[in-house]
Amino acid sequence: MIYAILQLQTIGAGLEAIHTGYLPLARATADLEAVIRQMDRDHDRFARETPLPGMRAYAEIYSTSIHDGSQKIREIAEGAQETLSDPRELQALQDMVTVLDQIDSGQEAYDQAFSRWLDERASEGEDLGRTQSDLNSARTDLILQIGSLNAQIEERADQVSERMSRAQSRAYQISGALAGLAVIFAGVLALVALFTLRPMVRLTQQAQRLGAGDYTRPIEVGADRAGAEVEVLAREFNAMAAAV
């Protein structure tokens, strides 16, 4: 029974981890990935076009969106850390916070690389190729970091779901075993009750015989199977029959 309760606790803890942490984290990370994909497409478009004043404004919008998305994910992770108690989940959430730190650093590096690239394009400087390479590298790193975070969340959610499934299976097995034991126990009790009550049934039948006026045979209940109280009642009935 205690083992079954532990399995139910495992299922409850898993549900809490999914709904409090990993499901909201997955949604927020999907939003962040959508922003980074759009930024990636615009980045390629910017590289083909003549530098425009609006490019820097676009970069600032994406920078703000990425920062806000990262902060939202951080708040969810930290909130889940305050709610959950499983050391495995707490460590996993802390690892995600570490990746968020890397994303923040990567976003800052991308902003700086983009600004240098725009300056070089505007001035047609000799370092345009190098700044272009630096920008591509910063962009790739940022995309990979966000992808890594999403992979961590999905992997952890899958592990929790698998652990819940195993616990549920074990709980079903234990419930089935307990149900089987209950049936066996009920059968044993029924047999004991039948064996115990049989002398009382015989005593009742023979008492009814005496009541009908048949005193030819004494009451016999089987001393080897009857209880002491039944034997006493049988003797009293026989004494009454003899007196009559």
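As the structure is a computational prediction, the values presented were derived from the model and not from experiment. (Residues numbered from 1 in each chain as written. Predicted model: local features only at pLDDT ≥ 70, side-chain atom pairs only at ≥ 80, totals over all residues. Heavy atoms only, no water.)

Asker: What is the right way to read the overall build of the chain from this model?
Answerer: Counting secondary structure elements, the chain contains five helices and zero strands. Along the chain, helices and strands appear, N-terminal first, in the series α-α-α-α-α. By the burial criterion, 32% of the 244 residues in the chain qualify as buried. Contacts in the chain between residues far apart in sequence, at least 24 positions, make up 75% of those at least 6 positions apart. (Helix = DSSP H or I, 4+ residues; strand = E, 2+ residues; numbered from the N terminus. Buried < 20%, exposed > 50% of the residue type's maximum accessible area, 1.4 Å probe, protein only. Contact = heavy atoms within 4.5 Å.)

Asker: Help me understand the packing of aromatic side chains in this model?
Answerer: Here a ring pair, both rings aromatic, is described through the centre-centre distance and the interplanar angle of the planes. Tallying each qualifying case throughout the model produces two aromatic pairs. The interplanar angle of 55° and the centroid separation of 5.6 Å between the aromatic rings of F114 and W117 together place this pair among those described as tilted. Remark: W117 and F114 occur in helix α3 (residues 87-123); sequence separation between them is three residues, near one turn of the helix. Note on F114: relative accessible area 4%, which makes it buried. With a relative accessible area of 1%, W117 lands in the buried category. Within the aromatic cluster, the residues linked to one another by ring pairs are Y110, F114 and W117. (Phe/Tyr/Trp six-rings, centres within 6.5 Å; stacked < 30°, edge-to-face > 60°.)

Asker: I tried to follow the pattern of salt bridges on my own but got confused; where do I start?
Answerer: Per the counting criterion, the structure on display carries nine salt bridges. Note that D101 and R74 form a salt bridge whose closest N and O atoms lie 2.9 Å from each other. Placement of the pair is D101 in helix α3 and R74 in helix α2 (residues 53-83), with a sequence separation of 27 residues. Judged by its relative accessible area of 12%, R74 is buried. The salt bridge involving R74 is made with D104; its shortest N-O contact spans 2.8 Å. Taken together, the residues R74 in helix α2 and D104 in helix α3 connect sequence positions 30 residues apart. One salt-bridge network, held together by shared partners, links D86, R88, E89, R156 and R163. (Salt bridge = Lys/Arg side-chain N within 4 Å of Asp/Glu carboxyl O.)

Asker: What is the right way to read the environment of D158 from this model?
Answerer: With respect to the helices, strands and loops of the structure, D158 is situated in helix α4 (residues 128-211). For D158, a relative accessible area of 53% puts it in the exposed group. Separated by 140 residues in the primary sequence, D158 and I18 place their C-alpha atoms 9.6 Å from one another.

Asker: How should I be thinking about the confidence of the model for the chain in this particular structure?
Answerer: Predicted coordinates in areas of low pLDDT are best not read in detail. For the chain, per-residue confidence averages 80 on the pLDDT scale, and 73% of positions sit at 70 or higher. Within the chain, α3 carries the highest mean pLDDT (90), whereas helix α5 (residues 228-243) carries the lowest (62). (pLDDT = per-residue confidence, 0-100.)

Asker: Please explain α3 as it appears in this structure.
Answerer: An α-helical turn contains 3.6 residues, so a residue and the one three or four places further along point in the same direction. Taking 1.5 Å of rise per residue, the 37 residues of α3 would be expected to cover 54 Å, and the 54 Å separating its terminal C-alpha atoms lies within 8% of that figure. The opening residue of α3, the one whose side-chain oxygen lies 2.9 Å from the backbone nitrogen of R88, is D86. Backbone geometry just after α3 places E124 at a positive phi near 50°. (Expected span 1.5 Å × (residues − 1). Polar contact = N/O pair within 3.5 Å; in protein donor to acceptor, adjacent residues only side chain to side chain.)

Asker: In this structure, what is going on with the environment of D127? I would like to understand it.
Answerer: Note on placement: D127 falls in the loop between α3 and α4. Once the C-alpha coordinates of D127 and W117 are considered, the two residues, ten residues apart in sequence, prove to be 8.7 Å apart.

Asker: Mind showing me how you'd approach the side chain of R163 here?
Answerer: Here R163 shows up in helix α4. At 2.7 Å, the side chain of R163 and the side chain of E89 are in polar contact.

Asker: Sorry, what's going on with the nonpolar core here?
Answerer: For soluble globular proteins, the rule of thumb is that nonpolar side chains tend to be buried together. Y22, L25, L93, F114, L142 and L149 are the most contacted members of the largest nonpolar core, which totals 39 residues. Going through the elements one at a time, α1 (2-48), α2, α3 and α4 are the ones with two or more residues in this core. The leading source of residues in this core is α3, at twelve residues. Apart from the residues lying within four places of it in its own chain, the contact partners of L149 are T29, I73, M96, V99, L100 and I103. (Core = buried A, V, L, I, M, F, W, Y, C linked by side-chain atoms within 4.5 Å.)

Asker: Could you clarify how one ought to interpret the environment of T83 in this entry?
Answerer: Take T83: it is sitting in helix α2. For the pair T83 and E16, spaced 67 residues apart in sequence, the C-alpha separation works out to 8.7 Å. Setting aside residues up to four positions removed in sequence, T83 forms contacts with E16 and T20. Only 3.1 Å separates the side chain of T83 from the backbone oxygen of G79, close enough to count as a polar contact.

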